[in-house]
Amino acid sequence: SDLICAVLQDDTLFAGNVTFLGALQSGVTLCQLMNALKPGAVPRILRTPGAFGSIQNILEFLKVCERIGLQKSLLFSPSDLVDAKNANRVLDTLY
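The rules behind each value
Residues numbered from 1 in each chain as written. Predicted model: local features only at pLDDT ≥ 70, side-chain atom pairs only at ≥ 80, totals over all residues. Heavy atoms only, no water. pLDDT = per-residue confidence, 0-100. Helix = DSSP H or I, 4+ residues; strand = E, 2+ residues; numbered from the N terminus. 1 Å grid on protein atoms, 1.4 Å probe; cavity = no way out; pocket = protein on both sides within 12 Å on 5 of 7 lines; lining within 4 Å. Points joined across faces, edges and corners; volume = space filled by probe spheres on them. Nonpolar A, V, L, I, M, F, W, Y, C, P; charged D, E, K, R; others polar. Buried < 20%, exposed > 50% of the residue type's maximum accessible area, 1.4 Å probe, protein only.

Taken as a whole, the protein chain shows an average pLDDT of 90; of its residues, 100% reach a score of 70 or greater. At the level of individual helices and strands, the protein chain shows its lowest average pLDDT in helix 1 (residues 2-8), which scores 83, and its highest in helix 4 (residues 51-67), which scores 95.

Turning next to the layout of surface pockets. The volume enclosed by the largest pocket comes to roughly 230 Å³. Around the largest pocket, the lining comprises 13 residues; the ones closest to its centre are Leu-33, Leu-37, Phe-61, Thr-93 and Leu-94. The set of elements that each furnish at least two residues to the lining of the largest pocket consists of helix 1, helix 3 (28-37), helix 4 and helix 6 (87-94). A class-by-class count of the residues in the lining of the largest pocket yields 12 nonpolar, one polar and no charged.

You can see Pro-39 is positioned in the loop between helix 3 and helix 4. Using a relative accessible area of 68% as the deciding quantity, one classes Pro-39 as exposed. Put simply, Pro-39 and Gly-27 are 12 residues apart on the chain and 17 Å apart in space, counted from C-alpha to C-alpha.

Written as structure tokens, this is what we have:
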């Protein structure tokens with residue numbers, strides 16, 4: 001979480017009672033992180049609340065991960081994050 005905050009220059013992402021996965025579940029932070037590392041990689045980030053926007057953002061993040069060379073077998077699935085089913089898989093993808 002410290003690395004993500006540093007890259008995005010935002011110390012409030014994981015503030016308060018927000019869990020690591022909770023802060024990432026909308027996919028917005030993931031897309032912002034990708035754009036910070038590779039500007040313009042995610043051209044459209046959906047900021048409307050709800051599962052549809054979250055899943056779309058996460059899918060966009062994962063597509064860019066594949067485009068920059070991460071193997072599909074190393075990527076988490078949207079349900080791993082949205083349903084908070086597999087935190088380790090999410091962490092493996094990010095680190």
